[in-house]
Amino acid sequence: MDSTPSLDSLRGEIDEIDSKIHDLLMRRTQVSRTIANAKPKGPTSFRLAREMQVLRRLVARHAGPLPRAVLVRLWREILADSLSQQGPFAVAAYSAEPGSSLTGLARDHFGVLTPVLERGSAVRVINAVVEGECSIGLLPPPASDAPDAWWRYLARSGEKVPRIIGYLPFAPAAAPSGADQTALVIGLVDAEPSGADHSFLVLEAGSELSRSAARSLVEKADLPVHDTVLWDSPSEGYLLLVEVADFVGRDDPRLKRLQENNGERIQHCWLIGGYPLPFAEADLVDPRVAAKERERS
Ligand SMILES: C=C(O[C@@H]1C=C(C(=O)O)C=C[C@H]1O)C(=O)O
């Protein structure tokens, strides 16, 4: 006798599962609203490090044929709504020359209902965040040949100075519309440690300081250097952006050491933020693709 359950009974099981998922989603939304009241009041409820921890935990416990990229996409919508339950949330996306728009990336990450406002320059994105028009901003990652070294505007103190708090996409395999783009996220909150992070320092040098010299000064203070970007201008002097392959907090003793050891060469060292490391491609490999590859090899 055929032991396969009938279509009706299988559909009954799906209905039961859907109700449970739905009940849990409604409950999660209520908990998120309660969390909003438990948080210190600030310019935004957005906590990217926590979101990354949520996703990393789910990806690590995942099993079975549902692709991890689908799991992440589902949770991106859930997390985006959860955030908007905690107060108004809008994103300023850099969108200057044709093909440079970070709007697709913003949509992939913050879901279909989050307002995304396009801004035509890095300064306009920064202003949208400083003035509270948008909760966060997306900017192109710094590069040595980039004409606009926007990161230098973050090298100052004060409450209304945005910090770098994230890197997008979190999961390239789950970011179809911004597939070939990357962005840094800025907001008026400090970066928080997620367990696997990079940080950014800006060094203000009194006289010419090469990228390799800066690297060795920073490494001598036990801060592992991932990359450096140089900006020198007659009016602004020598500024170096250093990406550190570790989380660096405001009270990190390595920062103090860096400044104390190099008082003559480095006039100022600014911690301008950091980001949780995104998923590597292998973390989200679709089990079906992986199985096919195993067959082939
Ligand atoms: C619920 C929180 O607020 C936001 C929503 C999150 C969530 O839904 O899991 C996680 C981080 C925050 O961006 C939180 O900070 O825990």
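Computed from a predicted model, the values in this text were never measured in an experiment.

Let's hear about the overall build of the protein chain: which residues, and what values?
Of the regular secondary structure elements, the protein chain holds eight helices and nine strands. A principal-axis box enclosing the C-alpha atoms of the protein chain has dimensions of 85 × 50 × 40 Å. For the protein chain, buried positions account for 34% of its 297 residues. In the protein chain, the share of contacts with a sequence separation of at least 24, taken over all contacts with a separation of at least 6, comes to 74%.

Account for the site of the ligand, with residues named and values stated.
Every residue near the ligand is listed here: Ser 32, Ile 35, Ser 45, Phe 46, Arg 47, Arg 50, Glu 51, Val 54, Leu 79, Ser 82, Leu 83 and Gln 86. Within the residue set of the shell around the ligand, elements represented by two or more residues are helix H1 (7-38), helix H2 (48-61) and helix H3 (68-84). For the shell around the ligand, the class distribution of residues is five nonpolar, four polar and three charged.

How would you sum up the confidence of the model for the protein chain? Please name residues and give values.
Note: predicted coordinates in regions of low pLDDT should not be interpreted at a detailed level. With 96% of its residues at a pLDDT of 70 or more, the protein chain has an overall mean of 91. Predicted as a complex, the structure gets a pTM of 0.91 and an ipTM equal to 0.99.

Any details on the domain arrangement of the protein chain? Residues and values, ideally.
Parsing the protein chain into structural domains produces domain 1 (23-192) and domain 2 (198-275). When each unit is reduced to the centre of its C-alpha atoms, the spacing between domain 1 and domain 2 is 26 Å. By residue number, the principal contributor to the side of domain 1 that touches domain 2 is strand S4 (residues 163-168), which donates five residues. Looking at side-chain class alone, the side of domain 1 that touches domain 2 contains eleven nonpolar, two polar and two charged residues.

An account of the nonpolar core is needed here, citing residue identities and associated values.
With 74 residues, the main nonpolar core has Leu 138, Val 202 and Leu 240 as its most contacted residues. Once residues lying within four places of it in the same chain are set aside, the contact partners of Val 202 are Trp 151, Arg 152, Ala 155, Leu 239, Leu 240, Leu 241, Trp 270 and Ile 272.

Could you give an account of helix H5 (residues 122-130), naming the residues involved and the relevant values?
Inspection of H5 places Ala 122, Val 125, Ile 126, Ala 128 and Val 129 among the buried residues, and these make up the whole buried set. One face of H5 carries all of its buried residues, which in axial projection span an arc of 155°. In the core, the buried residues of H5 are packed alongside strand S1 (91-94), strand S2 (116-119), strand S3 (136-139) and strand S5 (183-187).

An account of the pairing of strand S6 (residues 197-205) is requested, with residue identities and associated values reported.
In terms of burial, S6 is largely enclosed, as eight of its nine residues are buried. In this sheet, strand S9 (residues 266-276) lies alongside S6 in antiparallel orientation, the contact comprising nine bridges. Looking at the pairing, Val 202 lines up with Trp 270 of S9. Relative to strand S8 (residues 237-244), S6 is paired through seven bridges, and the arrangement is antiparallel. What sits directly across from Leu 201, in S8, is Val 242.

Account for the pairing of S8, naming residues and giving values.
Of all eight residues that make up S8, six are buried, and the element is covered over most of its length. By the bridge criterion, eight bridges tie strand S7 (residues 225-233) to S8 in an arrangement that is antiparallel. Its bridge partner being in S8, Thr 228 is matched across the sheet by Val 242. Between S7 and S8, which pair antiparallel in sequence order, lie three residues.

Quick one: what's the story with unusual backbone geometry, residue by residue and with numbers?
Along the chain, Leu 168 connects to Pro 169 via a cis peptide bond; the corresponding omega equals 0°. Within the fold, Pro 169 resides in the loop between S4 and S5. Of note in the backbone geometry, Asp 222 takes a positive phi value of approximately 70° without being a glycine. As for its position among the elements, Asp 222 is in the loop between helix H6 (211-220) and S7.

Rules and cut-offs
Residues numbered from 1 in each chain as written. Predicted model: local features only at pLDDT ≥ 70, side-chain atom pairs only at ≥ 80, totals over all residues. Helix = DSSP H or I, 4+ residues; strand = E, 2+ residues; numbered from the N terminus. Buried ≥ 20, exposed ≤ 12 C-beta atoms within 10 Å, placed from the backbone. Contact = placed C-beta atoms within 7 Å. Near = placed C-beta within 6 Å. Nonpolar A, V, L, I, M, F, W, Y, C, P; charged D, E, K, R; others polar. pLDDT = per-residue confidence, 0-100. Domains from an automatic or database assignment. Core = buried A, V, L, I, M, F, W, Y, C linked by C-beta atoms within 7 Å. Arc of directions from axis to C-beta. Pairing = 2+ DSSP bridges.

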